[in-house]
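In case you want the letters, here they are:
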Amino acid sequence: MNWELIQTIASAIFLIYAFFLVSGYLFIGLYSIGGLKKYLLKNSFTNYRLLASSPEAPPISIIAPAYNEAANIIENARSLLSIFYNNLEVIIVNDGSRDNSMELLTDAYDLYKADFFVNEQIKTKEVRGVYKSRNPIYSKLIVVDKVNGGKADALNVGINISAHKYIVCIDVDCILEQDSILKLVKPFLETRDKRVIATGGVVRIVNGCEVADGRLVKVRLPDQMLPRMQTLEYIRAFLLGRMAWSRLGGLMLISGAFGAFDKEIVIKCGGYDHGTVGEDMELLVRMRRYMEEQRLPYRVAFIPDPLCWTEAPVTEEILSRQRNRWTRGTIETLYKHRIMFLNPRYGVIGLLSFPYWFFFEMMAPLVEFGGLVYFIVCLIFGWADYTYFLSLLLFVYTFGVLYSLFAIMMEVKSYNQYTSRKDMYRLMGTAFIEPFISHPIGVWAAIRGTIDLLRKKNSWGEMTRAGFTKKETGPDGVVKAPAVPAPAPTVIKDAEIEEAGKVFSSIALIWLFILFILSVFETTYYLTFVNVKGHWLKYLPYSFVNDLVFWAKSLIFLFVPFILIRFVWFRGARIFLTGAVALLSLLQASLLVYYNETGILLGSDVFGYSQAEIKQTLGSSGVLNWPVAAGVLAFITLIVLIVNYGSHRIRLPGIAAVILPIISLWTIFSGVITGSPVTRFETDFENSMVLNKSDHFLNSGFHYFRVANDSGPAGADTGPFEYVDPGQYPFLHKDLDRDVLSPYFETGGSPPNIVILLLEGLGSAYSNDGAYLGSFTPYIDSLSKQGLYWENFLSQGGRTFAVLPSVLGSLPFGANGFMEVEPLPQHLSLLSLLKYNGYQTSFFYGGNASFDKMQAYLESQGIDLIVQEEDFPKGYQKLPPVNGFTWGYGDKELFRYHNSMKNVQDGQRPYLKIFLTISTHNPFKVNDPERYSELFEKRLEQLGFDEQQKAERRQFKDHYSSILFMDDAVREFIEQYRERPDFENTIFILTGDHRMPEIPMNTKIDRFHVPMMIYSPMLKRAERFSSISSHNDITPSLLSYLKNSYSLVVPELNTWLGEGLDTLQGFDQKRFIPIMQSKTEIRDFAMGNYHLNGNELFRIDAGMEEEKEENEQVRARIMAKAAIFRRRNRLLKPGAKLVPDSMYIKYTGGRQ
Amino acid sequence: MELISDFSSEATWPVIMASIFSVLIIGLVVYIVIYQHFIRLRNARLARWDSIAESLIMEAIFFEKKSTKDPMLDALDILEHEEVRVPKRVDNLMKDRAFRRRIMDKIVAAKRNVSGTASENLSSLFRKLGLDLDILNMLSTSVWYKQATALELIGFMKLASHQHLMGQYVDDQSGLIRMEAQNAILRFSGFEGLHFLTRTRYSLSEWQQIKLLDELSHLPHEDFKGINDWLVSENDTVVILALKLTRIYHRFELFQEVLKCLDHTNPEVRFHAISVLKALPNPDAVPVLVQLFPRETVSNQIEILKVLQDIASDTEIGFLSELLYDLEFDIRKEATRALFKTGPAGKEVLSQYEGADAYPLNRIIAHVREEDR
């Protein structure tokens, strides 16, 4: 299956959906402005008192169903009876209440059971009795007692009983504004060309308001968070949504809490449908459908004035249940009237309203939930593009906040109900936190609602109603009857939400404090023990700023799960946060230790290694032991105690929990996410020292996974190569055939033997002339003077993983280094081509060759012999173990064992031998350390260092000693080789795999600056080259030389990245050299006299020193070139073919 | 460069949009805070102004002209020397448009609650403050709500000098302007003002009819003319208003014209014509209604029965009895009521009626009987 295609399609669907959703909301927001403005202006001319007192005003019937409302029924009835309207009847329908509502009403209003004929125009449950008051003051009151049948049934009974042309359906617990009924009725009187079939008004949240005698006295914002969020939601829904749809003529819903209807049309449509939980929406849709089908001109009016105040759910449980029902009601209605969907026969409602409700009301929670699931799937399979996801999240969030604030502005400009400063600030603050709190509740409840409905799809329309409950109306006011018992999730009280905010803020602050403390500790350590020059004030401000940035970035990743867990388990959220801070602190501390040990920042390279490799590396570095484990445990315990202690004493206001995630998002998206290290200090070590190590590590990891998923066209290449089929074989090009070596060699005889010594950690910083730390390789230096020496030579990698593919194959890197691509791409190399030409090939390594998958790579090239740790017989001494771990056999033992092998070559055929040393690897422990310590001290003297310089070198005594050891091993090896008959026909190539990063570096390029020399008795003369070449250039030059001088058969096409060694003596170069510092990062490129490190450009001088350069033109050029390279490199996927089958089979015999 | 291109192709647009939204968010927050602050300041200022305006208004309400003892001067009603004195402070404030609007609203609000001399004094103050000029300015704009406001105030403040302007607006295409002009013209001309009905092209909404009838209810009853013409208007809403006028002012002389309306093509007009007959009780209407009944809509049939409840006699018992079988229960109910209203004979018929003990008639009879108690 083509997952990329699926990903692309899924992303496109979400994007298109988001586009239309946002566009829809934008339109609604803007379109509502005109409608609201016009209404307000027009309304200023209306004297509602006139309507109330006029004998010409139409008579209306108010229908108020009641179920178990005993607590407030008398007050509510009194409130309804006090409505000032000339021609009014109030019908209270007791829907089979189980409480004493009827008794209370009977007593309060002196009711008697009247002989009342009920014209059952709409079929309903049995009416037990119709009651009237003996008191003429209450002559307009009718109380109906009926068998319980749900709200819809109760309303239908009221409709049957009502005597008047217009009916007003109202929730009995609603509090009405003074002129509510008048405002609701007026639209019926205004229009003559169209029949007004229904009117609805704005419902607002009464929680928090002052209410006296059933009247609203003062409007206030609810103190509780959930009602406050619903207040904002209602403002949005009514002031913007309903207003715009009303103006468009497509209103599909009038709140069940308060709406007026033309009774004749209601009856013709059959009244409320008691088979749905969304009876109010269903009725209006059915009425509209009826009018459209009858071709009758009609209108549904909307009053933007706040007319009715209702109590909002204060607990998550009731809110969830409410939203669950809204969802079911919506789906039921849309399903029932699906014929209208995109049906031009139904005009605006069919073409606009219905699709809007389907796509953006019904589908929105499902799409949102689907998006989340999709993201999680991407996360699991490593497809997630975090930048993209986070930027989309930010986009949606900011739009949501903006839309809410726009609604608030409309409210302020129109009705300005919340006049106190405190209320307004809280309302605006709610806009920022609502997406994290009530919105997820709504989405989840909608998902549950959909599932509940699907489970009961066979009983569509047969659901029973248990009656309706109080305090459950909303902007969509769909229903009040709990048709399906909803689940009972944990109730989150408002106080808990506030408390959660305080807990988060407090622990977040402690987390920052811990970071600062670690930085102080780190700086103090380096100033005290590592001879870093300077003082606290020089470094700490930078460290603190970097800590602050990392802290800010981390908050959103702590906040989101914290909030999600909080919904399920309040205490669990706190435990999570404490645990997360403890683990993050441990990570930071571990990375500080790593930096101290290795001198390099740990980045995403760790992701490129297998578990076994990491274990081996850690083991050899001596950190896997019980004392360390105990230390880790103690550290975590300490952090947990600090967090626990501090969070109970440091109390930030709850609002900080809102501000902090916003700051976090801003930090992430303000560009700091790819922040580059400061280059303020003289040495790279200092620059890296002040960085937040966790930030670097996680940023690096982020880019690793992001780039891993990045794809795109290979792009055009502007290099010197003539590519033959870039579409199928992106690296295959014609051989440049630049034979630069022949002039330096005596030619004739049989093809020469090739011995390549890949020397671990050998950098130019401490080897050969120009070593700024002083050369600790006297023998290798002497060789270089007898051979061809490239003083400005670059490795292709910052670690060993890159050396074999680059030296032997001039190969691209793939995602994590060429050797990590599995299965290995079909390709040719120096190994396979020399073997094809009759060479014997062998590899010698004192460690485990499976490390970095070297063995698999070499075997894929058909190597004849691999000698590694396990092959060493008794009598050879391994490198001194640290905590039981050792890399294997040291360099001397490696060469000794090689020399002892009699069957390495048959004497008939030329050979290629490759040696990879390990003595100069961390932990830098060599056999006979005393001797090399002495040599080290002697060398310090030889180099003429002053005491300070000596002291500086002594900090890395083990490192330098191991270099001297390696140099000595090479000396012994070469000197013994001189004794061999094949020496005269042998070419030695010596180079470092990368510079040892543990010794502080001066520049970025320093990490890759290694010596490279060709030494051979066959050389005509020694030469020194200053131009820059790299490991990739070795194979092309060697093969060209061998082809031209010894007629070796090499293909006319090849995939070499290198152009061949540059033998210019002056410092000049125009080549493009990509470098992979760690297994996951290709962030270094050399081109011309420039070095691009990430986004930073450096100018390289003849001594390979570099300075930061601000040449945007050059930077852009290199970045463009780098981009092309990266794209082509990404094509190197598992199983890819670098060369055609025919070519591969010819030179390898088809070996896999 | 790759980073940039990747970002621009994928992640940049949401970030750019989010940045724009963020700026707008900040802008909105600042705007709301400032706006509310401004509202508070304005309210504080309005409170100060209200106190100044109210004191001036109170002075105007209780202002009494001194008698000149010269009937000639009183007759000439020379007020220049006897108007409410406008304090200097108010004069200064009148330069502020907001204050002018505020004091205008206050005078209008005060005038709604007073009448007689006090009301006239307020109109006088209105003019003295030059607010009538503001109204004229509003009327001269092309903004519908300003024009409507101006027309409303001209009528309400009885700015007679501007009365002549009303005529051009009574048939304006804007419903609100038309409505305010029509109301204003009634204030100036009383029932005479209704003559705009003769030529109005537009429908009169029920709301406008209620407003017009309310305006008229404050005027002394007159034997105004024109209803007979309006009863035959081509504009159905004019006919309906005329029928309402006939009903409200009990214009018995128009009985025949009303009967003619029973033949109107619009059932709504016929409905109102039927209901008028309740207010003009006349036995001659009974046979006409009985004859009309079979051809009418259900709602009109119910209305006919309601009228018959007041004017039917024993003669109609047979007709009404037949309706007890009607498919519409509401018609059965109204017919039962009518039978009850006809007197003992009707009640006797009901009690003897076959099916009187069966549903629904038993329930209907019980219902009506209880109403009759």
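Every chain begins its residue count from 1, and numbering advances along the sequence as written. Think of it this way: whatever chain is written first is A, whatever ligand is written first is 1, and the rest follow in order. Whole-chain, interface and lining totals are the exception, using all residues; otherwise, since this is a predicted model, local features are given only for residues with pLDDT of at least 70 and side-chain atom pairs are given and counted only at 80 or more. As a rule here, side-chain values cover all heavy atoms of the structure and leave hydrogens and water aside.

Draft legend 1. Structural context of the overall build of chain B. Looking only at helices and strands, one finds 20 helices and 0 strands in chain B. Residues counted as buried form 51% of the 373 residues belonging to chain B. Each accessible area is a Shrake-Rupley estimate made with a 1.4 Å probe; only the visible protein chains count as cover when residues are assessed. Roughly 18,700 Å² of accessible area belongs to chain B as shown, and the carbon and sulfur atoms make up 54% of that amount. A run of H or I in DSSP becomes a helix once it reaches four residues, and a run of E becomes a strand once it reaches two; helices and strands are each numbered from the N terminus. Buried, partly exposed and exposed residues are distinguished by accessible area as a fraction of the type maximum, computed with a 1.4 Å probe on protein chains only: under 20%, between the cut-offs, and over 50%, respectively.

Draft legend 2. Molecular detail of the overall build of chain A. Within chain A, the secondary structure is distributed over 33 helices and 28 strands. The buried share of chain A, taken over its 1152 residues, is 61%. Any pair of residues with heavy atoms lying within 4.5 Å of one another is described as a contacting pair. Summarising the internal contacts of chain A: among those between residues at least 6 apart in sequence, 79% fall at separations of at least 24. Summed over all atoms, the accessible surface of chain A reaches about 43,300 Å², with 58% contributed by carbon and sulfur.

Draft legend 3. View of the sheet that holds strand β3 (residues 111–114) of chain A. Residues and elements named next belong to chain A. Reading across from one edge, β3-β4-β5-β2-β1-β6-β11-β8-β12-β7 is the order of the 10 strands in this open sheet, with mixed pairing throughout. Both outer strands of the open sheet, β3 and β7 (175–176), are each paired with one neighbouring strand and no more. DSSP bridges decide pairing: two strands pair if at least two such bridges lie between them. In the sheet, strand β6 (residues 166–170) pairs with strand β11 (residues 258–262) via 5 bridges, with the strands oriented antiparallel. Directly across from V168, in β11, lies its bridge partner A260. Axes here mean lines fitted to C-alpha atoms, for a helix over just the part in contact, with angles spanning 0 to 180 degrees between N-to-C directions. Helix α3 (residues 73–81) rests against β1 (60–66), β2 (88–95), β5 (141–146) and β6 of the sheet, and its axis sits at about 160° to β2.

Draft legend 4. Expanded view of the packing of aromatic side chains. Planes of paired rings set the category: under 30 degrees apart is stacked, over 60 is edge-to-face and the rest tilted, where pairs are Phe, Tyr or Trp rings (Trp by its six-membered ring) whose centres lie within 6.5 Å. Throughout the structure, instances matching the rule amount to 71 aromatic pairs over all chains. For the pair F117 of chain A and Y359 of chain B, a centre-to-centre distance of 6.2 Å together with 45° between the ring planes defines the contact as tilted. Of this pair, F117 of chain A sits in the loop between β3 and β4 (127–133) while Y359 of chain B sits in the loop between α19 (344–352) and α20 (361–372), each in a different chain. For the ring pair Y766 of chain A and Y960 of chain A, a centre distance of 6.5 Å and an interplane angle of 85° mean the geometry is edge-to-face. Of the two residues, Y766 of chain A sits in the loop between β14 (753–759) and α23 (778–786) while Y960 of chain A sits in helix α30 (residues 957–978), which places them 194 residues apart along the sequence. Each residue in the set Y17, W245, F341, F354, Y356, F358, F359 and F360 of chain A is aromatic and connected to the rest through ring pairs, giving one cluster. Over the aromatic face of F156 of chain B sits the side chain of R112 of chain B, whose NZ or CZ is 4.7 Å from the ring centroid. Over the ring of F224 of chain B we find R251 of chain B, and its NZ or CZ is 4.9 Å from the ring centre. Any Lys NZ or Arg CZ found within 6 Å of a ring centre and within 35 degrees of that ring's normal is scored as a charge over the ring.

Draft legend 5. Looking closely at the side chain of D891 of chain A. With respect to the element layout, D891 of chain A can be found in helix α27 (residues 891–900). We count Lys and Arg on the positive side and Asp and Glu on the negative side, and we leave His and both chain ends out. Salt bridges, as used here, are contacts in which a Lys or Arg side-chain nitrogen is within 4 Å of a carboxyl oxygen on Asp or Glu. In this structure, D891 of chain A is buried with no salt-bridge partner, the nearest side chain bearing the opposite charge being K892 of chain A at 9.7 Å.

Draft legend 6. Structural context of the interface of chain B and chain A. Counting residues at the interface gives 61 residues for chain B, matched by 64 residues for chain A. Buried area is a sum: the accessible area each of two parts loses on coming together, probed at 1.4 Å, counted once for each and added. Summed over both sides, the interface between chain B and chain A buries roughly 5,500 Å², with carbon and sulfur atoms accounting for 65% of that surface. Where chain B meets chain A, there are 2 salt bridges. Pairs of N or O atoms within 3.5 Å make up the polar contacts considered here, provided that, within protein, one atom can donate a hydrogen while the other can accept it, and that residues adjacent in sequence are counted only when both atoms are side-chain atoms. Taken together, the connections running from chain B to chain A amount to 13 residue pairs in polar contact (both at pLDDT 80 or more). For the side of chain B that touches chain A, the secondary structure elements donating two or more residues are α1 (2–61), α7 (144–156), α8 (175–189), α10 (206–217), α12 (236–248), α18 (329–342) and α20 of chain B. In terms of residue count, α1 of chain B provides more of the side of chain B that touches chain A than any other element does, 26 residues in total.

Draft legend 7. Examining a nonpolar patch on the surface more closely. All names here are of chain B. Residues enter patches when they are more than 30% accessible in relative terms and free of salt bridges; like-charged ones are connected within 9 Å and nonpolar ones (Val, Leu, Ile, Met, Phe, Trp, Tyr) within 5 Å. Residues W13, I16, M17, I20 and L24 make up a contiguous nonpolar surface patch of roughly 410 Å² in combined accessible area. Tracing the sequence through the fold places L24 in helix α1. Using a relative accessible area of 42% as the deciding quantity, one classes L24 as partly exposed.

Draft legend 8. A look at the pattern of salt bridges. Residue and element names in this part refer to chain A. Counted by the stated rule, this structure contains 70 salt bridges over all chains. With a shortest N-O distance of 3.4 Å, D145 and R128 are connected by a salt bridge. In this pair, D145 is assigned in strand β5 and R128 in strand β4, connecting sequence segments 17 residues apart. By relative accessible area, which is 38% here, R128 ends up partly exposed. Two residues, R1071 and D1062, come together in a salt bridge whose shortest N-O distance is 4.0 Å. The residues R1071 and D1062 share a single accessibility class, namely buried. Counted as one network, the salt bridges with shared partners bring together R738, D1033, E1059, D1062 and R1071.

Draft legend 9. Seen up close, the side chain of T920 of chain A. Residues and elements named next belong to chain A. In this structure, T920 sits in the loop between β18 (911–916) and α28 (929–942). Among the polar contacts listed, one links the side chain of T920 to the backbone oxygen of E760, at a separation of 2.4 Å. Contacts of T920, omitting those with residues within four sequence positions, involve E760, G761, S962, I963, M966 and M996.

Draft legend 10. Representation of the confidence of the model for chain B. Residues and elements named next belong to chain B. Note on scores: pLDDT gives the predictor's confidence for each residue, bounded by 0 and 100. Confidence in the prediction for chain B averages 86 pLDDT; 92% of positions are at 70 or higher. The low-confidence segment residues 1–9 (pLDDT under 50) makes 21 contacts with residues lying over four places distant or belonging to another chain. A low-confidence stretch, residues 73–81 (pLDDT under 50), is modelled with 6 contacts involving residues beyond four sequence positions or located in other chains.

Draft legend 11. The packing of α7 of chain B against α8 of chain B, seen in detail. All names here are of chain B. Contact pair α7 / α8: the axes reach a minimum separation of 8 Å and the direction vectors enclose 10°. As summarised for this structure, α7 and α8 are arranged roughly parallel, according to the angle between their axes. Counted together, W144, Q147, A148, L151, E152, I154, G155 and F156 of α7 and L176, I177, E180, A181, A184, R187 and F188 of α8 form the full contact between these two elements. For this scheme, ten residues count as nonpolar: Ala, Val, Leu, Ile, Met, Phe, Trp, Tyr, Cys and Pro. Four count as charged, namely Asp, Glu, Lys and Arg, and the remainder, Gly too, count as polar. Residue composition of the contact of α7 with α8, grouped by class: 10 nonpolar, 2 polar and 3 charged. Here the word oblique covers every angle except those under 35 degrees (roughly parallel), over 145 (roughly antiparallel) and from 65 to 115 (roughly perpendicular).

Draft legend 12. Focus on the pairing of strand β20 (residues 1009–1015) of chain A. All names here are of chain A. Most of β20 sits inside the fold, with 7 of its 7 residues counted as buried. The side-chain alternation of β20 yields two buried faces, one formed by H1009, P1011, M1013 and Y1015 and the other by V1010, M1012 and I1014. Here strand β19 (residues 986–992) runs beside β20; their pairing, made up of 4 bridges, is antiparallel. Considered in β20, the bridge of I989 is made with I1014.

Draft legend 13. Highlighting the environment of H218 of chain B. Residue and element names in this part refer to chain B. Tracing the sequence through the fold places H218 in the loop between α10 and α11 (227–230). Here H218 falls in the exposed class, since its relative accessible area comes to 60%. Separated by 28 residues in sequence, H218 and G190 place their C-alpha atoms 9.3 Å apart. Within the structure, H218 has its side chain in polar contact with the backbone oxygen of D214 (distance 3.4 Å).

Draft legend 14. Local environment of the pairing of β4 of chain A. Residues and elements named next belong to chain A. Pairing between β3 and β4: 4 bridges, direction antiparallel. Bridged to K113 within β4 is Y131. Note that β4 and β5 share 5 bridges and pair antiparallel. Across the sheet, the residue bridging to G129 is D145, located in β5.

Draft legend 15. View of the environment of S505 of chain A. All names here are of chain A. One can find S505 in helix α15 (residues 494–529). Overall, the relative accessible area of 0% leaves S505 in the buried class. For the pair S505 and L555, spaced 50 residues apart in sequence, the C-alpha to C-alpha distance is 9.6 Å.

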